[in-house]
Amino acid sequence: MSKKIHSVSSTDFFLNLRNYDFKKVYSIAYAFARRDLQLRYVQTRLGWFWSIGQPLLAAGLILIVFSWIVKIQAPDGIDYSIYAFASLPSWLLMQQIILQGSPSLVHNQHIISKVAFPRQALPLSKVLVGLLDFGVASLMYYVFRGVKLGVWDFMVFDFLFYSSCTIFAALGITYWIAAISTRFRDWLAILPLLIQGLFLLSPIAYPSSRFSSALGENIWILYLNPMVAISDGFRSLWLKTELWNENIYVSFIMVFLLFVSGFIAIRYAENKMVDTL
Amino acid sequence: MSFSDNIAIQIKNLGKKYYLKSSESWALKNIDLSIEAGSALGIVGHNGAGKSTLLKILSGLTKPSTGSFKYRGSLTSLLEVGTGFHPDLSGIENIYLSAALNGMNRKKIQKKLSQIIEFSGISENYIYQPIKHYSSGMKVRLGFSVAAHIDSDILIVDEILAVGDRSFQEKCFRNMQFQINQNGRTVIFVSHNLFALKELCPKAILLEQGELTQFGDSKKICETYIRNSLSGISYLDLSKRKDRKGSGEVRITKLKWKTEILETGKPAILHIAYEGEEDLKDFNIKISINGEDGRFLSPLSMHSNNFRPTTMPASGDIEIHIEKLPWMKGKYYADIRAIERGIVCDDLRMAYKFEIHGGNYIQGGDEFNSKKNGVFIPHEWNFPK
């Protein structure tokens, strides 16, 4: 039986995917995700209740701040909670992937310096963990909407499409920050601020139609944020609201660009990581 | 060039350049090497000679700056025992994690789980406990057990045999022999334990300042290595030695016998000087006296001797008094380590060479003639009553 011959050369181009083995990336991401889940609620009192408690608290906070204090209203007479919570699970997913995935390389530098495994597995493992929470939160919303509106339909393809958009956009951002932070940890210092900015600029707690009063002609700039398309997408799927604004393409293109460039960035950093970390 | 079937790894013109504060230095240069499938190769060299860099490149942790290499089949590197272990996870969960990191899938791990646990010798009640409750010895045993059961055509092993207690070390050693001879693995082995290296690897390479200077019979390579290191070192001025490890908070600056002629059975004083920045607490100096063949013979340690001053000045001198030198005629060399509060501050291999000029250990006794290094132990001969 002849065995596979691997070759490594100083002249290998970093984007060369000849030795790229997605199965391996996935199996290691899976192992890390398992570790995270096993460790997740170690030494907590309420344990797994937090999988439900976290989205509930986030929802409650948004309700208090944006509905009761700021008094934002949903369009077309839709109930505010139904409207705002439609895109909340996707935001929580995005936030979780970025917040946990970005520092994952720096946090695991000890393992990185000793074992050669595909580095992308670390940020990717956070996606696997995040998906579990996303599933729980989406199910909670599905039931909430059903009880409130009496509507129990579920558009599988749209749901999968917008979920994938969330994952790819989040991964793209995460790959970028994770890759750069192996050299410049400054990026980890401003990460919470970045997340906060992204939240405020995303139409989660308010409708994207509010954008129209800002920036005038140049409104497309706000659509550079992929969360805009994702958020509008989830609303259109749960609530059959109007989706298309001519600028929304910008968001979809950004999802694609972010992911591809992030992938390139982390591949580039991967080769130098052990020397720079 | 063709890559013939009996070759496991072929290395061509491999080099690695590092940039340090705008100046560049080559950690590794022009390495050409072919390793036969099913053989074991030892790598010998000082700290900083490029051993770790070579292993890092071969295991895929870092990219070479020049050249290339090819290998056949799967390759796993074990640079550390228990990498990826998490204190809050149980023994079993840590086995899965560590093995997965080294490229094993869950099915394979499941198949080998009972073997791994058995090899580690960790009992049923402990294997389901978080490993933060393990002793350090147990963690090491678990780590090596995982490493020993990884399926791979090529294994790169760095110094991991130097773990655990004596009996477990021997178990690991036998396991390595088994991997090579029975399983037909190709093994690249790095160890400061030249004795183990010679036993495991028929062939070895010598790395000096990033270059491969010799390739051949491992016994000869080890001899050359020791001879070169002994001749090239300035013994009186340890402070100029660069090939040290450790945090650097304390440096050993001197290690020298005060006694001029060393004879077996005669008294002698070993003088040590050290330099640090702050007063030292819980400080320990450990010296290993090794024979000419690299085999460890005697420990000299403050803590082993229950000498534990509560504080010591930042810099100073210390002496070891030996009433009767126990070593037989021959050449010896000493490794020295300085440890403060459990942290290794300085680690110098082959810090000092000395020669014992023979003599009798017991007054009136004969000199025990042997070409090998050896240590006398005080004992008595009696007729049974």
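Residues numbered from 1 in each chain as written. Chains lettered and ligands numbered in written order. Predicted model: local features only at pLDDT ≥ 70, side-chain atom pairs only at ≥ 80, totals over all residues. Heavy atoms only, no water.

> What is the right way to read the environment of Gly-358 of chain B from this model?
Residues and elements named next belong to chain B. Within the secondary structure, Gly-358 sits in the segment after strand S18 (343-356). Its relative accessible area of 0% is what places Gly-358 among the buried residues. Expressed as a C-alpha distance, the spacing of Gly-358 and Asp-243, which sit 115 residues apart in the sequence, is 32 Å. Leave out the neighbours within four places in its chain, and Gly-358 touches Glu-263, Thr-264, Lys-329 and Glu-367. (Helix = DSSP H or I, 4+ residues; strand = E, 2+ residues; numbered from the N terminus. Buried < 20%, exposed > 50% of the residue type's maximum accessible area, 1.4 Å probe, protein only. Contact = heavy atoms within 4.5 Å.)

> I tried to follow helix H4 (residues 88-101) of chain A on my own but got confused; where do I start?
Along an α-helix, residues three or four positions apart point the same way, because every turn accommodates 3.6 residues. With 14 residues, H4 of chain A should cover 20 Å at 1.5 Å per step; its first-to-last C-alpha distance of 19 Å lies within 8% of that length. Counting buried residues in H4 of chain A gives 11 out of 14 residues, a clear majority hidden from the surface. (Expected span 1.5 Å × (residues − 1).)

> Would you take a moment to explain the sheet that holds strand S16 (residues 316-322) of chain B for this structure?
Strand pairing in a sheet relies on backbone hydrogen bonds, with the paired strands running either antiparallel or parallel. All names here are of chain B. Sheet architecture is open: three strands sit in the order S10-S11-S16, paired in antiparallel fashion. Looking at which strands have only one partner, the edges of the open sheet turn out to be strand S10 (250-257) and S16. The sheet shows a mean angle of 20° between the axes of neighbouring strands, direction not considered. In this sheet, strand S11 (residues 268-276) lies alongside S10 in antiparallel orientation, the contact comprising seven bridges. By the bridge assignment, Trp-257 is partnered in S11 with Leu-270. (Pairing = 2+ DSSP bridges. Axes fitted to C-alpha atoms, helices over the stretch in contact; angles between N-to-C directions.)

> Teacher, can you tell me more about the interface of chain A and chain B here?
Accessible area lost on assembly of the parts is the figure often given for the size of an interface. Contact with chain A, which involves 32 residues of that partner, is made by 35 residues of chain B. Regarding the contact of chain A and chain B, the summed buried area is about 2,900 Å², with carbon and sulfur atoms giving 61% of it. On the chain A side of the contact with chain B, Val-8, Ser-10 and Lys-114 of chain A bury the most area, a combined 19% of that side's loss. Summed over the shared surface of chain A and chain B, the result is zero salt bridges. (Buried area = accessible area lost by both parts, 1.4 Å probe. Salt bridge = Lys/Arg side-chain N within 4 Å of Asp/Glu carboxyl O.)

> Looking at this model, I keep getting lost on the pattern of salt bridges. Mind explaining?
Pairing is possible between side chains that carry opposite charge, provided their charged atoms lie close to one another. Residues and elements named next belong to chain A. With the rule as written, the count across this model stands at 18 salt bridges over all chains. With a closest N to O distance of 2.4 Å, Arg-40 and Asp-133 form a salt bridge. Taken together, the residues Arg-40 in helix H1 (residues 22-40) and Asp-133 in helix H7 (residues 121-149) connect sequence positions 93 residues apart. Connected through salt bridges with shared partners, the residues Arg-35, Asp-36 and Lys-126 form a single ionic network.

> Explain the sheet that holds S18 of chain B to me, please; I cannot follow it from the model alone.
All names here are of chain B. Reading across the sheet, the four strands line up as S14-S13-S17-S18 and stay open at both edges, with antiparallel pairing between neighbours. Looking along the sheet, the strands with just one partner apiece sit at the ends: strand S14 (296-301) and S18. Strand-to-strand twist in this sheet, taken as the mean axis angle between neighbours without regard to direction, amounts to 20°. Where strand S17 (residues 330-340) and S18 come together, 10 bridges link them in antiparallel fashion. Residue pairing in the sheet places Tyr-332 in a bridge with Phe-354 of S18.

> Whenever I open this one, the pairing of strand S6 (residues 154-158) of chain B confuses me. Can you help?
Looking along a regular strand, one sees the side chains alternate between the two faces of the sheet. All names here are of chain B. Along S6, five of the five residues are buried, which leaves the element largely enclosed by surrounding structure. Burial along S6 is two-sided: Ile-154, Ile-156 and Asp-158 facing one way and Leu-155 and Val-157 facing the other are all buried. Sheet analysis places S6 next to strand S7 (residues 186-190), joined by five bridges and oriented parallel. Residue pairing for S7: Leu-155 is matched across the bridge by Val-187.

> Mind showing me how you'd approach the packing of H7 of chain A against helix H11 (residues 226-239) of chain A here?
Relative placement of two packed helices is described by the angle separating their axes and the distance separating the axes. All names here are of chain A. Contact geometry of H7 with H11 gives a least axis separation of 12 Å together with a crossing angle of 40°. Between H7 and H11, the angle falls in the class oblique. Considering only the axes of H7 and H11, their crossing is right-handed. In this structure, H7 uses Phe-134, Tyr-141, Tyr-142, Arg-145 and Leu-149 to contact H11, whose residues at the interface are Phe-234, Leu-237, Trp-238 and Leu-239. A breakdown of the residues in the contact of H7 with H11 according to their chemical character gives eight nonpolar, no polar and one charged. (Parallel < 35°, antiparallel > 145°, perpendicular 65-115°, else oblique. Left-handed = near helix turned anticlockwise from the far one by under 90°. Nonpolar A, V, L, I, M, F, W, Y, C, P; charged D, E, K, R; others polar.)

> When you look at the domain arrangement of chain B in this model, what are you seeing that I'm missing?
Residues and elements named next belong to chain B. For chain B, the assigned domains are domain 1 (7-229) and domain 2 (238-356). Computed from C-alpha atoms alone, the centre-to-centre distance between domain 1 and domain 2 is 29 Å. Taken together, the nine residues of domain 1 in the interface contact nine residues of domain 2. Broken down residue by residue, the surface that domain 1 buries against domain 2 is led by Asn-47, Phe-195 and Ile-226, which jointly contribute 56%. Linking domain 1 with domain 2 are zero salt bridges. Where domain 1 meets domain 2, there are zero residue pairs in polar contact (both at pLDDT 80 or more). Counting only elements with at least two residues in the side of domain 1 that touches domain 2, the list comes to helix H7 (194-200) and helix H8 (218-231). Taken together, the residues that form the side of domain 1 that touches domain 2 break down as four nonpolar, four polar and one charged. (Domains from an automatic or database assignment. Polar contact = N/O pair within 3.5 Å; in protein donor to acceptor, adjacent residues only side chain to side chain.)

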